[in-house]
Amino acid sequence: MEAEELPVGWETAELSEICLINPTIDKSAIADDLAVSFVPMPAVEAESGGIDVSATRKFGEVKKGYTPFREGDVLFAKITPCMENGKMAVVPALHNGLGFGSTEFHVLRAYPGISPRFIYYFVSSRAFRHLAEHNMSGAVGQRRVTTPYLSACKIPVPPTAEQHRIVAKIEELFSVLDQGVASLKAAREQLKVYRQSLLKNAFEGKLTAAWRAAHGDQLETATALQQRIARERQARYQQQLAEWQTAGQPGPKPKSPKPMLPLTAEELAELPELPTGWGWVRFGELFNVFVGSTPSRKRNDFWGGEIPWVSSGEVAFCRIRDTKEKISAEGFANASTELHPPGTVMLAMIGEGKTRGQAAILDVAAAHNQNTAAIRVSEAGCSAEFVYQYLVYQYEITRKIGSGNNQKALNKERVSELLLPLCGLDEMAEVVSKIDEKLSEADQLDQTLATALQQADALRQSILKKAFHGQLVEQDKNEEPATALLERIRAARSANQPARRGRSASSQL
């Protein structure tokens with residue numbers, strides 16, 4: 001902010017002129033067994049200014065290798081991505097008046113006459129963080145806001161009383177905003193519950209109950225469909241086998257559909273009850289399941305071709321219309337993968353976090369890596385959308401299936417054993433139609449809520465911008481100007497010169 005833009009009575013100062021940056025501590029008089037507050041980086045919330053100081057440690061455990069601070073200090077996360085995410089806070093009351101935290105915090109201690117919360121709102125604003133982000137130093141992944149940079153940052157300084165009025169107005173407006181944001185977020189959470197409830201009703205046959213009653217005897221049963229698919233799979237295998245033999249047995253021999261054990265009465269008793277005409281089946285009883293592989297990364301001629309290649313990261317509850325990577329004909333020939341037709345449902349099989357269990361529908365023919373399963377749904381004549389939406393519904397269950405020492409994973413066998421509530425093809429289409437209709441309405445509402453949240457965030461930043469341009473509260477020409485405040489701070493700092501070499505009384509906790 002340029003000086004000519006400042007309201008009457010305001011001044012511009014460097015942060016180091018109005019607060020101590022990273023004050024030191026005299027440790028000599030503190031007992032090692034004194035309990036003090038301990039604040040690791042996760043204890044400071046992003047954006048909100050929230051901070052948890054409830055954890056304690058003995059002073060002897062933290063006197064080396066941690067950052068000291070006290071009540072009223074402003075903590076400023078200096079490392080990426082914590083700084084960009086807004087991990088800043090004003091320190092509340094501490095255990096025995098003393099706190100220690102991550103070395104990735106800068107500490108800003110306001111001089112008398114400067115509001116710590118005024119400083120907090122300034123350095124936590126997105127505008128300030130944006131500039132700081134572009135002035136970080138260090139290697140990728142370890143970039144930090146340096147002490148010299150932070151110290152030299154300019155800040156507009158109003159009179160002391162006006163600082164407090166600005167802070168009070170910011171917090172009044174933010175309180176109203178927070179209530180609205182909380183309501184918007186609650187509405188979005190309710191939409192998640194609604195979506196899950198909708199899918200539950202869909203796959204228990206309740207969503208199409210009236211439609212089913214109206215069509216009565218016209219519907220194919222799950223048993224009839226399953227038997228027809230089994231006959232078609234066997235016929236397709238016999239044809240592939242004959243073609244393989246006629247061609248002189250090139251490549252691996254086609255595999256016959258693997259028989260699956262029928263569900264036991266005990267297994268069926270644990271599953272939701274389905275309407276008459278529906279039935280529970282294993283994926284492997286209906287669909288061919290394939291696991292892919294990755295062509296050698298060392299062979300440049302295997303990559304950059306024209307064959308779409310699906311990685312597990314692209315299987316993220318979506319439709320795959322194109323892929324980030326493509327392989328060549330040579331790469332395809334040298335990998336144990338097949339080209340799967342549109343209508344194949346992809347399932348991510350490994351990955352911590354939220355990757356495993358996510359699904360996608362192929363809209364293009366594609367090969368895939370070993371971390372994904374390709375479920376040939378359309379090949380069986382079934383609705384890919386029906387199976388996909390069921391995997392969406394079962395996501396929290398599917399993602400927890402697996403084993404492994406380092407990373408839990410699904411595999412071809414486990415995917416083949418997944419259960420599906422099956423109905424006839426006509427009802428399958430009706431289920432998908434009703435899901436699409438209802439989810440479309442929910443998606444539109446969710447987008448409206450998301451837009452409102454973005455507007456609330458923009459309004460929050462607008463409030464801060466007005467605050468630091470002197471446009472949020474009225475000025476009072478009778479108040480002591482910031483010039484006098486800064487002169488008093490400078491005089492106090494000058495009088496408090498280092499008492500001895502290497503130690504400043506003003507820099508101690």
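What this report covers is the structure whose coordinates are included nearby. (Residues numbered from 1 in each chain as written. Predicted model: local features only at pLDDT ≥ 70, side-chain atom pairs only at ≥ 80, totals over all residues. Heavy atoms only, no water.)

## A few points about the layout of surface pockets
Now for step 1: Computed from the structure, the largest pocket encloses a volume of approximately 1,100 Å³.
Now for step 2: Those elements that place two or more of their residues in the lining of the largest pocket are α8 (222-246), β12 (289-291) and α14 (412-416).
Now for step 3: In terms of residue count, the dominant contributor to the lining of the largest pocket is α8 (six residues).
Now for step 4: Looking at the lining of the largest pocket residue by residue, the class counts come to 14 nonpolar, 10 polar and 13 charged. (1 Å grid on protein atoms, 1.4 Å probe; cavity = no way out; pocket = protein on both sides within 12 Å on 5 of 7 lines; lining within 4 Å. Points joined across faces, edges and corners; volume = space filled by probe spheres on them. Helix = DSSP H or I, 4+ residues; strand = E, 2+ residues; numbered from the N terminus. Nonpolar A, V, L, I, M, F, W, Y, C, P; charged D, E, K, R; others polar.)

## Quick word on the sheet that holds strand β13 (residues 303-310)
Backbone hydrogen bonds hold the strands of a sheet together, and the pairing may be parallel or antiparallel.
Now for step 1: With respect to topology, three strands assemble into an open sheet ordered β15-β13-β18, the strand pairing being mixed. Where the open sheet ends on each side, the last strands, each with one partner, are β15 (325-327) and β18 (367-368).
Now for step 2: As paired elements, β13 and β15 share four bridges and run antiparallel to each other. Considered in β15, the bridge of P308 is made with K326. (Pairing = 2+ DSSP bridges.)

## Focus on the environment of L362
Now for step 1: Mapped onto the fold, L362 is located in strand β17 (residues 359-362).
Now for step 2: For L362, a relative accessible area of 1% puts it in the buried group.
Now for step 3: Taking the C-alpha atoms as reference, L362 lies 8.8 Å from D322; in sequence the two are 40 residues apart.
Now for step 4: Setting aside residues no more than four positions away along its own chain, L362 makes contact with V310, I320, H340, P341, P342, G343, T344 and M346. (Buried < 20%, exposed > 50% of the residue type's maximum accessible area, 1.4 Å probe, protein only. Contact = heavy atoms within 4.5 Å.)

## Some thoughts on helix α12 (residues 384-393)
Now for step 1: Most of α12 sits inside the fold, with eight of its 10 residues counted as buried.
Now for step 2: Turning to α12, its buried residues are A384, F386, V387, Y388, Q389, Y390, L391 and Y393.
Now for step 3: The N-terminus of α12 is capped by S383, whose side-chain oxygen sits 3.4 Å from the backbone nitrogen of E385. (Polar contact = N/O pair within 3.5 Å; in protein donor to acceptor, adjacent residues only side chain to side chain.)

## A short note on the nonpolar core
Now for step 1: If you look at the biggest cluster of nonpolar residues, it comprises 52 residues, and the most contacted ones within it are L15, I18, F76, L108, I119, V123 and I170.
Now for step 2: When residues no more than four places from it in sequence are discounted, the contact partners of F76 are M83, K87, M88, E104, F105, H106, L108, V123, F128, V145 and L150.
Now for step 3: In this structure, F283, L347, V377 and L420 belong to the second largest nonpolar core, which totals 45 residues. (Core = buried A, V, L, I, M, F, W, Y, C linked by side-chain atoms within 4.5 Å.)

## As for the sheet that holds strand β8 (residues 99-101)
Now for step 1: Pairing within the open sheet is mixed, and its four strands lie in the order β4-β3-β8-β5. Among the strands making up the open sheet, the edge pair consists of β4 (56-58) and β5 (67-69). For this sheet, the mean inter-axis angle between neighbouring strands, taken without regard to orientation, is 40 degrees. (Axes fitted to C-alpha atoms, helices over the stretch in contact; angles between N-to-C directions.)

## Points about the pattern of salt bridges
Now for step 1: Taken as a whole and assessed by the stated rule, the structure comprises 33 salt bridges.
Now for step 2: The salt bridge involving D446 is made with R188; its shortest N-O contact spans 2.9 Å. A residue pair is termed long-range when its members are at least 10 positions apart, and D446 in helix α15 (residues 425-467) and R188 in helix α6 (residues 160-203) qualify at 258 residues.
Now for step 3: According to the relative accessible area criterion, D446 is buried, its value standing at 16%.
Now for step 4: The shortest N-O distance in the salt bridge between R376 and E338 comes to 3.3 Å. Here R376, found in the loop between β19 (372-375) and α12, pairs with E338, found in the loop between α11 (329-333) and β16 (345-348); they are 38 residues apart in sequence, far enough to count as distant.
Now for step 5: You can call R376 buried: its relative accessible area is 8%. (Salt bridge = Lys/Arg side-chain N within 4 Å of Asp/Glu carboxyl O.)

## Considering the environment of E47
Now for step 1: You can see E47 is positioned in the loop between β3 (35-39) and β4.
Now for step 2: Aside from chain neighbours lying at most four places away, what touches E47 is N85, G86, Y120, R126 and R129.
Now for step 3: At a separation of 3.1 Å, a polar atom in the side chain of E47 contacts the side chain of R126.

## Thoughts on the packing of helix α3 (residues 116-124) against helix α4 (residues 126-133)
Now for step 1: With their axes 5 Å apart at the nearest point, α3 and α4 run at an angle of 55 degrees to one another. With respect to their mutual orientation, α3 and α4 come out oblique. On α4, the residues that touch F122, V123 and S124 of α3 are R126, F128 and R129.
Now for step 2: In terms of residue class, the contact of α3 with α4 is built from three nonpolar, one polar and two charged. (Parallel < 35°, antiparallel > 145°, perpendicular 65-115°, else oblique.)

## Considerations on the packing of aromatic side chains
Now for step 1: Applying the stated rule across the entire model yields 16 aromatic pairs.
Now for step 2: Plain terms: the ring middles of F38 and Y66 are 5.2 Å apart, the flat faces sit at 85 degrees to each other, and that makes the pair edge-to-face. Here Y66 lies in the loop between α2 (59-62) and β5 and F38 lies in strand β3, a separation of 28 residues in the sequence.
Now for step 3: The exposure class assigned to F38 is buried, which follows from its relative accessible area of 9%.
Now for step 4: Under the relative-accessibility criterion, Y66 is labelled partly exposed at 30%.
Now for step 5: Taking the centre distance of 5.9 Å and the plane angle of 80 degrees together, the rings of Y121 and F174 count as edge-to-face. With Y121 in helix α3 and F174 in helix α6, the pair connects residues that are 53 residues apart, well separated along the chain.
Now for step 6: For Y121, a relative accessible area of 7% corresponds to the buried category.
Now for step 7: Seen from the ring of W303, R297 lies directly overhead, with NZ or CZ sitting 3.9 Å from the centre. (Phe/Tyr/Trp six-rings, centres within 6.5 Å; stacked < 30°, edge-to-face > 60°. Lys NZ or Arg CZ within 6 Å of the ring centre and 35° of its normal.)

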